[in-house]
Each structure stands twice: as structure tokens, then as C-alpha cells.
Amino acid sequence: MEKTINTGIIGFGVGGNTFHAPIISTTEGYNISSIRARKDNEVAIAKERYPNAAIKDNTDDIINDPTIELVVITTPNAYHHPLAKQALQAGKHVVLDKPITITSADADDLIKIAKAQNRILSVYHNRRYDSDFRTVKKILDGQLLGRLVEFESHYDRFRNYLKPGAWREKDEPGAGILYDLGAHLIDQPLLLFGMPEAITADVRVQREGTKATDNFDVILHYPGLKVTLKAGMLVSQPLPRYIILGDKGSFVKYGLDVQEVALKAGLTAHTKSDWGIEPESVWGSLVTEINGVNFSGKVQSEKGDYRDFYRNVYDAIVHNKSLDVTAAHARNIIRVIELAIQSSDERRTVDCKGAFV
């Protein structure tokens, strides 16, 4: 590569050490030069895996380092806005772990600062680089289902207890799975179909003793199309990841992209030869009629690769190319979350007119 982007990572919990650092370190054109890690186990992992990176316990040491061009922020959601604001004002390009911020007003503030500073601001909505979503997009781009009438997407887990020390399960702004898993689910239909006309949502707490949202059902209303997004923490048997219905056929798929499992096992694209390739056992089923020919069978999943996110950020910084994940798009995801909470609280469908940028 003609340029190497020195990168500082702020936050080295699961987001930093599992989903960002291994992807950045295996994407050409990047050098992880500094990591802010404070807990003993995080410091140990950082030193072992990235021996050439400086390990810091102070955020300012990274943001004020003149050799660092890109700052990646993977802290709890409440810190996204102040840290990104500080980094942008210091002249850094910024990647935030999703969601961009807790409120759309804070996102608007960051967008304004990034524009004034002429800096790149993007958000790690990595699930659009999943093999399953890439397969869905290929099927829809090919109009293999005809006119779509329903699009249903799930992100389910089973944990009937509270995870000790987990900030996402505390009663605080930006916690809960609507901000976590919901941000992933919302990103995809907004990318495919644009902004909805209205939102109907049911946001719940189901586990005993839980304070943060652990179940939601969000319906995005489009002309002639119903989009349902669901997630819960008490789903012990696998439900379909996608159910997509059209007037020519349907596509149903189980199973999650394989990259997360690999990353949690400490593997990377450099150590796993079949990176991002799903086994045939989780390929989706397509039943449709194409040009008078009936088809029923499995569809081989497309290859997933989270490195494509950072490849695009590199091209945006170095070659002035367009971002795949713009800050405005990430802001609209937060606006959907805000309207979903409003819909659930008021037990009504909320009009989205004027809500999006």
C-alpha cells in the first residue's frame, strides 16, 4: 500500500479486542500503533497480540498523539459522543463502534464537527459484511422473489441470567439490546429499502431482575412492504435468521455468520483459510418461480468479510472515496431506535415524516 494509517484504539473490551483489532491488524494499510486498555486481562491480551503497539491507560495520550491519524472508539455507548468529539476536534479521523451515539442530536453534533474539520467519521456496522446479508442482498438485487411483501430479520440469543458486570444490562442510557443488536438489524433494511414511513414497536424486559431492554419487536412500514425486526434473550431454540416473502417466492435462512465465532476463538483471516465461508448446513432455502421455471433448493452463501469495512475507510481517507457507512446513515439508525422507544411507550404507530436526514 502507498500509505500506512497509524491507528489508535480506545477501549479494549469485547468490541476492541474481538471485533476491531483483529480485523484492523489483518487489513492492509493499517498499523495499530496505540491501544488504551486498563483492565489487567485486557492489557495482557493487547501486549501479547500487538507487541508493537503502545499500551496506554489515558485516552488523551492517543487523541493528542500527532502520529496517529485514525482513532477507533469501542467504549460503552455513553462515551461515544464526548470521545469522538474530542478526537475530531484534535484533527483525527474517527471510527465508532455501533451505535454512533445514544441520541440523534449527539450524532448530528458529531456530523457537524466532522464536516467542519474535514475528517472521516464512520460507524462499524459490520453485519452488512456478513455472508448471510450479502446473500440476501444478491437475491433481492436479482429480483428472485418478485415484488417483496415481507422482510423479517431475527437476532436471537439465550441467556436467562444477567451477565455479571455487563454495562449493556444496566439501567443506563444506551444499554439494552435495542441499541446493541437492534442497531445491526435496523442498518440492513435501511440500506436495502431506505427510510420507513412509520414505525410500530414493542420493547420489553422479559428476564427477571433485568433493568435494560432484552426483547423487542420493531415493524418498519414501507409502501407495500412490512419489515419486522426481532431480538430476544430467551430464545433457546434457533429461529430463522431471515424470512423474506415475495409474490414469486420466498427465502428462509437459519444460522449466523461464522466470523464472530472465529474471532471469539482467536482466529483471523490470516490464520483461517476459509474465512467468512459458511458451511452448507446453514445455507438458505429459496423457493421461487423465475421466468416460468420453478426452483426449490439451497443457495450457497456469499463470502463474508469484515475487513471490507476497514478497506473502505482506508479508501475514504487515502483516496477520497465515498464511505460505505456514512455518519448520516448511522444517525438515522439511532433515530429509528428513538422512534421505536416512543412507539412502544405510547403504544401506537409513529409517523416518521421529517425524522431522517
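Scroll up a little and you will see the structure.
Notes on the structure in this doc start here. As the structure is a computational prediction, the values presented were derived from the model and not from experiment.

1. Description of the overall build of the protein
Move 1: Each helix and strand counted, the protein has ten helices and 15 strands in total.
Move 2: Against the 2.2 N^0.38 benchmark of 21 Å for 357 residues, the protein shows a C-alpha radius of gyration of 20 Å, consistent with a compact globule.
Move 3: Taken along its principal axes, the extent of the C-alpha atoms in the protein is 60 × 45 × 40 Å.
Move 4: Taking all 357 residues of the protein together, 52% fall into the buried category.
Move 5: The long-range fraction of contacts in the protein, counting pairs at least 24 apart against all pairs at least 6 apart in sequence, stands at 71%.
Move 6: Roughly 16,000 Å² of accessible area belongs to the protein as shown, and the carbon and sulfur atoms make up 47% of that amount.

2. Side note on the pattern of salt bridges
Move 1: Following the criterion strictly, the structure yields 28 salt bridges and no others.
Move 2: One salt bridge in this structure joins Lys 3 and Glu 69, with 3.0 Å as the shortest N-O distance. Separated by 66 residues along the polypeptide, Lys 3 in the segment before strand S1 (5-10) and Glu 69 in the loop between helix H3 (59-63) and strand S4 (70-73) bring together distant segments of the chain.
Move 3: Here Glu 69 falls in the partly exposed class, since its relative accessible area comes to 21%.
Move 4: One salt bridge connects Arg 168 with Asp 180, and the closest N-O pair in it is separated by 3.7 Å.

3. Re the packing of helix H6 (residues 131-141) against helix H7 (residues 177-193)
Move 1: At their nearest, the axes of H6 and H7 sit 12 Å apart, and the two run at 20° to each other. When the axes of H6 and H7 are compared, the pair comes out roughly parallel. Between H6 and H7 lies a crossing whose hand is right-handed. For the pair H6 and H7, contact is made by Phe 133, Lys 137 and Leu 140 and by Gln 188, Leu 191, Leu 192 and Phe 193, respectively.
Move 2: Of the residues belonging to the contact of H6 with H7, the class tally is five nonpolar, one polar and one charged.

4. Description of the pairing of strand S8 (residues 198-204)
Move 1: Looking at chain direction, S8 and strand S9 (residues 215-222) are connected through seven bridges and run antiparallel. Bridge pairing links Ala 201 to Val 218 in S9.
Move 2: Two strands pair when backbone bridges link them, and S8 and strand S15 (residues 350-351) are joined in this way by two bridges, in the antiparallel orientation. Paired with Ala 198 across the bridge in S15 is Asp 351.

5. Description of the environment of His 184
Move 1: Within the secondary structure layout, His 184 lies in helix H7.
Move 2: Setting aside its immediate chain neighbours within four residues, His 184 contacts Lys 98, Asn 126, Arg 127 and Tyr 155.

6. A short note on the pairing of strand S14 (residues 293-299)
Move 1: Across seven bridges, the pairing between strand S13 (residues 284-290) and S14 is antiparallel. Counted as the bridge partner of Glu 289 is Asn 294 from S14.
Move 2: Connecting the antiparallel pair S13 and S14 is a turn made up of two residues, with Asn 291 showing a positive phi of about 50°.

7. Some points on helix H4 (residues 80-89)
Move 1: Every buried residue of H4 is listed here: His 80, His 81, Leu 83, Ala 84, Ala 87 and Leu 88.
Move 2: Residues of H4 that are buried make contact with S1, H3, S4, strand S5 (93-97), helix H5 (104-117) and strand S6 (121-124).
Move 3: Positioned one or two residues after H4, Gly 91 has a phi angle of 90°, which is positive.

8. Here we look at H6
Move 1: Looking only at H6, the buried set comprises Ser 131, Asp 132, Phe 133, Thr 135, Val 136, Ile 139 and Leu 140.
Move 2: Those residues of H6 that are buried lie in contact with strand S7 (148-154), H7, strand S11 (242-246), strand S12 (249-253) and S14.
Move 3: Looking one or two residues past H6, Gln 143 carries a phi angle of roughly 55°, positive in sign.

9. Some remarks on the side chain of His 329
Move 1: Counting through the fold element by element, His 329 comes out in helix H10 (residues 327-346).
Move 2: Residue classification places His 329 among the buried positions, given a relative accessible area of 12%.
Move 3: Leave out the neighbours within four places in its chain, and His 329 touches Arg 128, Asp 187, Leu 190 and Leu 191.

10. Remarks on unusual backbone geometry
Move 1: The residue after Lys 98, namely Pro 99, is reached through a cis peptide bond having omega -5°.
Move 2: Note on placement: Pro 99 falls in the loop between S5 and H5.
Move 3: The backbone phi angle of Gln 143 is positive, close to 55°, even though this residue is not glycine.
Move 4: According to the relative accessible area criterion, Gln 143 is exposed, its value standing at 64%.
Move 5: Not every positive phi belongs to a glycine, and Arg 347 is a case in point at roughly 55°.
Move 6: Assignment of secondary structure puts Arg 347 in the loop between H10 and S15.

Criteria and thresholds
Residues numbered from 1 in each chain as written. Predicted model: local features only at pLDDT ≥ 70, side-chain atom pairs only at ≥ 80, totals over all residues. Heavy atoms only, no water. Helix = DSSP H or I, 4+ residues; strand = E, 2+ residues; numbered from the N terminus. Rg over C-alpha atoms; globule rule 2.2 N^0.38 Å. Buried < 20%, exposed > 50% of the residue type's maximum accessible area, 1.4 Å probe, protein only. Contact = heavy atoms within 4.5 Å. Areas by Shrake-Rupley, 256 points an atom, 1.4 Å probe, with all protein chains shown as cover. Salt bridge = Lys/Arg side-chain N within 4 Å of Asp/Glu carboxyl O. Axes fitted to C-alpha atoms, helices over the stretch in contact; angles between N-to-C directions. Parallel < 35°, antiparallel > 145°, perpendicular 65-115°, else oblique. Left-handed = near helix turned anticlockwise from the far one by under 90°. Nonpolar A, V, L, I, M, F, W, Y, C, P; charged D, E, K, R; others polar. Pairing = 2+ DSSP bridges.

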